[in-house]
Every structure is written in structure tokens, then in C-alpha cells.
Amino acid sequence: MFTFAQFSDIHLGQDRGDGGARARERTERVLACLSGVLDGLDAVLLTGDIADHGREDEYTLAAKLFADHGVQPLICPGNHDARGAYRAVLLHGEAADASPVDEVHRLPGATFLMCDSSVPGKGHGRLDDATLDWLDRELAGTPDVPAFVCFHHPPVPLYGQYVDPIRQFGEERLAEVVGRHGSVAGLLCGHSHTPAVTSFAGVPLVAAPGVVSTLKMPWEGMEGGPVDYTLPPVIAFHVLDDEGRLTTHFRVVP
């Protein structure tokens, strides 16, 4: 059994008249919760929108908070992130490198492929051809190990009127890659700011809730706008069992 946590969309630096204090406080609550259960987890994921403006100081704060709480998540960028600053601060790479930030983590029991679905300067997502070629090669490299393909933008509609127009497009190319590899145990994303579970290319797709806010669904009404800033943050906990079945639990962080 392989157990791991996922959180998403912390948006450090988001200023709602508080200098970013609210986003930081909510992120720290989540990290404190994760710190308390780390002994029972095999991994922790953060699926994008780490910074709200893509500034270096926002990533510096993220690195500090991770270190302070002893939580070092596997990460991928979102549409609010900027590749240069993200790469320089969080990965100690070259800020001038504007290529997609794709990383593979081969852990005992599972492989995590953290893909960059961001399109610089845009809200929607798309996996570059280079990323898809990389993903295909990496999945072929360990065909007998369960693999999770992770990115920020969901590649299917989630029926929320705010996010669907800026979801991941060109998804048929991703479906072809996933379809070639039976080792893919699931796809994990963020961006939706609401927990959602569906399927894609015949495997589970789980969208983690947002830490900084929750997006309302159409049937909940739009009074006060489409974003709810009062609901508490939520963490997804995933369990991959010995039969290859993925089970997800969602926990509110008080």
C-alpha cells in the first residue's frame, strides 16, 4: 500500500488587502496538518499555483514555509507560476531557462511524473510536445512500477463555469500517451479550486481542492461571486493498494 497527500493552489502573495497574510496563514495550516501525519505518508504533492504573481519573493517564502514545517512536496507549476523564478528558487536551476519544468521522482512503490501544463502568460493549459515525448519515455522506462501523471490543469471539463474555459487543451495527445502505458495508476491535478473525481483515458483523474479559496459550482449560485474565501482549506489523501486501486479521501483543515 502506498499512501500520499496532495494539496494545490496556495497562491502565496495573493493580496486581499492583507499583504498576502491570508494566503500564508492558510498554507501554514495545511503544512502543519501534513507535518503531523508525515510518518504515515510516502509522498506529498503540490500541483501548481505556488505563487500568485510568479515573483521570486513568493517562491522564497514557499521554500521557507516548506522547510519550517519539514514538508518537501513534489511540485509542478501552474498558470500563476513563472518558470524562471520557479526554477531558480525552488529547483536551484537557471532562471533564463524558459523550457517546461518537467520532473520525474522514482520512489519506492510509485513513480511521479510532474508535468508542466502551463502556457506562459496564459490562463489555460497545454502540454508541450517536448513534455509529452518526455512523459512517454519516462513511462516506458519503468513499465512495472505504478505511475502517477501530475500537472496543474485538468484535461477534461469539470463543469464549473469559471475554470472549464481555462482547462488543459490538446488533451487527446495526452490520452494517446496514457493509453500506451498500463502502468499509469492515476492522473492528479489542481486548478479547479474544488475537489473533483472523474476519469481520463480509462484511469482515475483527481483534482485537488484549492488551499487559498473554493470555486462555487453553478448549482450553488453565484451570489457574492464565483469564489468562496470563507470555506476552510482541504487536503486530498490518496491510497494506492496492492491491486492497483486508487482511493481518495478529502480532509478539511480547521
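Let me begin by describing the structure that accompanies this report. Note that this is a predicted model, so its numbers are computed, not measured.

Here we look at the pattern of salt bridges
Counting across every chain of the model gives 13 salt bridges. Note that glutamate 58 and arginine 55 form a salt bridge whose closest N and O atoms lie 3.5 Å from each other. Take glutamate 58: its relative accessible area is 2%, and that puts it in the buried class. What makes arginine 55 partly exposed here is its relative accessible area of 37%. The residue glutamate 138 makes a salt bridge to arginine 106 at a minimum N-O spacing of 2.4 Å. Residue glutamate 138 is found in helix H4 (residues 129-141), and its partner arginine 106 is found in strand S4 (residues 103-107); the two are separated by 32 residues along the sequence. For glutamate 138, a relative accessible area of 19% translates into the label buried. One network of salt bridges, with partners in common, ties together Arg55, Asp57 and Glu58.

Some thoughts on helix H5 (residues 171-179)
Those residues of H5 lying buried are Glu171, Arg173, Leu174, Val177 and Val178. Buried residues of H5, viewed axially, fall in a sector of 150 degrees; they line one side. In H5, the exposed positions angled more than 90 degrees off the buried face are occupied by Glu176 and Gly179. Packed against the buried residues of H5 are strand S6 (125-126), H4, strand S8 (168-169), strand S9 (184-189), strand S10 (196-200) and strand S11 (203-207).

Topic: the pairing of S9
Counting buried positions along S9 gives six out of six residues, so the element sits mostly inside the fold. In the sheet, strand S7 (residues 147-150) pairs with S9 via four bridges, with the strands oriented parallel. Considered in S9, the bridge of alanine 147 is made with valine 184. Pairing of S9 with S11, which is carried by three bridges, proceeds in the parallel orientation. Each bridged residue has a counterpart across the sheet, and for leucine 187 the counterpart in S11 is leucine 205.

Examining the sheet that holds S10
Overall, mixed pairing links the six strands, which are arranged S4-S5-S7-S9-S11-S10 in an open sheet. Each edge of the sheet is formed by a strand with only one pairing partner; in this case those strands are S4 and S10. Across the sheet, the mean angle separating the axes of adjacent strands is 20 degrees when strand polarity is ignored. As paired elements, S4 and strand S5 (residues 110-114) share five bridges and run antiparallel to each other. Each bridged residue has a counterpart across the sheet, and for histidine 105 the counterpart in S5 is phenylalanine 112. Where H4 meets the sheet, it contacts S4, S5, S7 and S9, and its direction lies at approximately 175 degrees from that of S5.

Calculation rules
Residues numbered from 1 in each chain as written. Predicted model: local features only at pLDDT ≥ 70, side-chain atom pairs only at ≥ 80, totals over all residues. Heavy atoms only, no water. Salt bridge = Lys/Arg side-chain N within 4 Å of Asp/Glu carboxyl O. Buried < 20%, exposed > 50% of the residue type's maximum accessible area, 1.4 Å probe, protein only. Helix = DSSP H or I, 4+ residues; strand = E, 2+ residues; numbered from the N terminus. Arc of directions from axis to C-beta. Contact = heavy atoms within 4.5 Å. Pairing = 2+ DSSP bridges. Axes fitted to C-alpha atoms, helices over the stretch in contact; angles between N-to-C directions.

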